[in-house]
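Listed here are the chains, written in short residue letters.
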Amino acid sequence: MKVNCGGISIHIASGGRDFVTGQKTIVMLHGSGQSHLTWVQQSRYFAYEGYNVIAPDLPGHGLSGGAPLQTIEEMSDFMHALLGQLGCGPVVFIGHSQGCLIGLDMCARYQADLERLVLIAGGLSIPVNDYLVGASQNKLDKAIEMMTGWGHSNIAHMHDNELPGHSHLGFGRALMASNDVNALHADLSACNAYDGGAAAAAAIKVPTLVILAAADKMTPAKAGRAMAAAIAGAELIEVSGAGHMLPAEKPLQVNNHITRFLSA
């Protein structure tokens, strides 16, 4: 569906189901250079399990209009405004990578928006390789190639996909190329600059699940472990053999862990 937020046309994937008043709502937010397609194997699953699903494309990403936002704080402000406009009340917030930083920042400044928090393949901070940041501005095709290469595990490089007939690398390249040409650079720069993760984590008072990819080359699992340790009462899960694009590489495991967490 499309909604207008702050004068920008925003695309939201709903998993193919209409919003039902009174149902629990799950928000799924993508990472750097990604879109709602990060959640292609989560959005429909949870929509048909009886949840309202909101998987937006941030401005300048996927099917949303507008210019890419420049800081994590701006992205957090945008999500607060979007949730307020939709009127969906406290939500389960699921963030991947950069989406984790946005989730952390929302917990620091807009925690009343959130009922539960799921952080996937993230850390308290996400420093980015200088060459990749430069390439995202001057050699976008090269940056996309590096991101898809580093972002997937060896299994994904061998085209082992739980969705038969699909290539992780081909899908990843096509997804990233569909964004505004400035989106990846804005995202990576925002991740590089964000330093509020530790303070935000200390303020979290909602139940939190951290799911990490053991073979993550972009945000190593040790960063995720430090994030989980900084959040009071956080549950930590590590998925063996998976790379940074964990929701696509191991969707059944991700869905099962989230389902169990939500039912607890």
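Residues numbered from 1 in each chain as written. Predicted model: local features only at pLDDT ≥ 70, side-chain atom pairs only at ≥ 80, totals over all residues. Heavy atoms only, no water.

A. The overall build of the protein, seen in detail. Of regular secondary structure, the protein possesses 12 helices and 8 strands. Its C-alpha atoms put the protein at 45 × 40 × 40 Å along the principal axes. In the protein, which comprises 264 residues, the share counted as buried stands at 55%. Of the contacts formed within the protein by residues at least 6 apart in sequence, a portion of 75% connects residues at least 24 apart. Of the roughly 10500 Å² that the protein leaves accessible, carbon and sulfur atoms contribute 55%. (Helix = DSSP H or I, 4+ residues; strand = E, 2+ residues; numbered from the N terminus. Buried < 20%, exposed > 50% of the residue type's maximum accessible area, 1.4 Å probe, protein only. Contact = heavy atoms within 4.5 Å. Areas by Shrake-Rupley, 256 points an atom, 1.4 Å probe, with all protein chains shown as cover.)

B. Geometry of the side chain of Asp113. Inspection of the secondary structure assignment puts Asp113 in the loop between helix H3 (98-109) and strand E6 (114-120). For the buried residue Asp113, which engages in no salt bridge, the nearest side chain bearing the opposite charge is Arg109, 9.7 Å off. Those residues within four positions of Asp113 in sequence are excluded, and the remaining contacts are His80, Leu83, Gly89, Pro90, Val91 and Met106. (Lys, Arg positive; Asp, Glu negative; His and termini not counted. Salt bridge = Lys/Arg side-chain N within 4 Å of Asp/Glu carboxyl O.)

C. Fine view of the environment of Ala13. Following the sequence through the fold, Ala13 ends up in strand E2 (residues 8-13). On a C-alpha basis, the gap between Ala13 and Met28 in space is 9.3 Å, while along the polypeptide they are 15 residues apart. Discounting residues that sit within four places of it in the chain, Ala13 has contacts with His36, Val53, Ile54 and Ala55.

D. Highlighting the environment of Gln42. Locating Gln42 in the fold gives a position in the loop between strand E3 (25-29) and helix H1 (43-47). The exposure class of Gln42 is buried, given its relative accessible area of 0%. If we skip the residues at most four places from it in the chain, Gln42 touches Met28, Pro247, Pro251, Val254 and Asn255. A polar contact is formed between the side chain of Gln42 and the side chain of Asn255, at a distance of 3.2 Å. (Polar contact = N/O pair within 3.5 Å; in protein donor to acceptor, adjacent residues only side chain to side chain.)

E. Fine view of the environment of Ile26. Position of Ile26 among the secondary structure elements: in strand E3. Separated by 143 residues in sequence, Ile26 and Leu169 have C-alpha atoms that sit 27 Å apart. Apart from the residues lying within four places of it in its own chain, the contact partners of Ile26 are Phe46, Tyr51, Asn52, Val53, Ile54, Val92, Ile94 and Leu262.

F. Quick look at the state of the cysteines. This structure, assessed with the given rule, holds 0 disulfides. Free cysteine: Cys100, not disulfide-bonded; nearest cysteine sulfur from Cys191 at 9.8 Å. (Disulfide = S-S within 2.5 Å.)

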